[in-house]
Amino acid sequence: MTHSSTLIETLTPPIQELANAFWPPACLSCDALGQSPFCLPCENALLHAESSPQQNTHHHLGSLWLYGGPLSLAFAKTKFSKQPHQMKKLLSWLVQQGFLEKHRDLFQQHPWDAISWVPAHPYRRLQRGFNAAQLLAIILGKRMQLPLFSSLKCVRNDAPFSLGSSKAVRQKNIQGRYRAHPKARKRKILLVDDICTTGATLGEASKQLALAGAAVHTFTLAQTPKNN
Ligand SMILES: [Zn+2]
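Please read all numbers here as calculations on a predicted model, not as lab measurements.

Visitor: Report on the packing of aromatic side chains, specifying residues and quantitative values.
Guide: Scanning the model with the defined rule gives three aromatic pairs in all. Relative to W93, the ring of F38 has its centre 5.0 Å away and its plane inclined at 65 degrees; by these criteria the two rings are edge-to-face. Of this pair, F38 sits in the loop between α2 (13-22) and α3 (40-47) while W93 is found in helix α5 (residues 84-101), placing the two residues 55 residues apart along the sequence. Summarising the burial analysis for this pair, F38 and W93 share the class buried.

Below, the structure is given as structure tokens:
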């Protein structure tokens, strides 16, 4: 699924220029032409925004970014773009910059033996063409030299939560959505998700892994400010 981006990246310069003429790089947030994933103003807004949220609890290690501004626009557009290479580009930039700016030391000496992600229901994954949480796990796993482990299955295709859903509503509706792999037992897993809103999804997913006998820490790319 990444062939097209890899191909364009490895083309020789003249062909790269030609490719750029047909598909000029554009800001994934504001669509300004010239630079991707973010134009300079969006990049500056992101890099000079308030610092990221700190650790929430013992098991939740926090997030690289606050969800808002150019990040939320770019993310919302890219999530439904059916272009996994754009999402990969966005996530790679956010991971790279997030680590450089904020979390350089957080993952240096870690206890985990695998990295995993909150899965989407197969039908929804097929509809969207990718699952951002899984792409995030691939990118982070590479960076941290952690093997990927598909530790959870999404067994129910619920409608997405509306933005205003309370934590109580989310927690109630999400019960039974995930099933843990039997091989999760005794594993030390870093479970990642793309966006954390109330923490209900991540809470239910990690609970299933813990019930299956795994030791779990969670981490998200971004979280909404009200989670602070
Ligand atoms: Zn922009």
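Visitor: Which residues make up the confidence of the model for the protein, and what are the values?
Guide: Residues with a pLDDT of 70 or more make up 81% of the protein, whose mean pLDDT is 85. Segment residues 1-5: pLDDT under 50, and seven contacts once partners within four positions in sequence are set aside and those in other chains are kept.

Visitor: Report on the sheet that holds strand β5 (residues 188-196), specifying residues and quantitative values.
Guide: Within the open sheet, the four strands sit side by side as β1-β6-β5-β2. Their pairing is parallel. Across the chains shown, the open sheet's two edge strands, defined by having one partner strand only, are β1 (60-66) and β2 (114-117). On average, each strand axis in the sheet is inclined to that of its neighbour by 25 degrees, with strand direction left out of account. Inspection of the sheet shows β5 paired to strand β6 (residues 215-223) by eight bridges, in the parallel sense. Counterpart to L190 in the pairing with β6 is H217. Packing against the sheet, helix α4 (residues 69-79) makes contact with β1, β5 and β6, and its axis sits at approximately 100 degrees to β5.

Visitor: Lay out unusual backbone geometry in plain terms, naming residues and giving numbers.
Guide: In this model, S36 is joined to P37 through a cis peptide bond whose omega is 5 degrees. Note that P37 resides in the loop between α2 and α3. Backbone geometry places D31, a non-glycine residue, at a positive phi of 70 degrees. With respect to the secondary-structure elements, D31 resides in the loop between α2 and α3.

Visitor: Account for the packing of helix α8 (residues 167-174) against helix α9 (residues 200-211), with residues named and values stated.
Guide: At their nearest, the axes of α8 and α9 sit 9 Å apart, and the two run at 35 degrees to each other. Remark: the crossing between α8 and α9 carries right-handed chirality. In contact with K167, R170, Q171 and I174 of α8, α9 contributes A200, T201 and E204. Among the residues forming the contact of α8 with α9, the class breakdown is two nonpolar, two polar and three charged.

The rules behind the values
- Residues numbered from 1 in each chain as written.
- Predicted model: local features only at pLDDT ≥ 70, side-chain atom pairs only at ≥ 80, totals over all residues.
- Heavy atoms only, no water.
- Phe/Tyr/Trp six-rings, centres within 6.5 Å; stacked < 30°, edge-to-face > 60°.
- Helix = DSSP H or I, 4+ residues; strand = E, 2+ residues; numbered from the N terminus.
- Buried < 20%, exposed > 50% of the residue type's maximum accessible area, 1.4 Å probe, protein only.
- pLDDT = per-residue confidence, 0-100.
- Contact = heavy atoms within 4.5 Å.
- Pairing = 2+ DSSP bridges.
- Axes fitted to C-alpha atoms, helices over the stretch in contact; angles between N-to-C directions.
- Left-handed = near helix turned anticlockwise from the far one by under 90°.
- Nonpolar A, V, L, I, M, F, W, Y, C, P; charged D, E, K, R; others polar.

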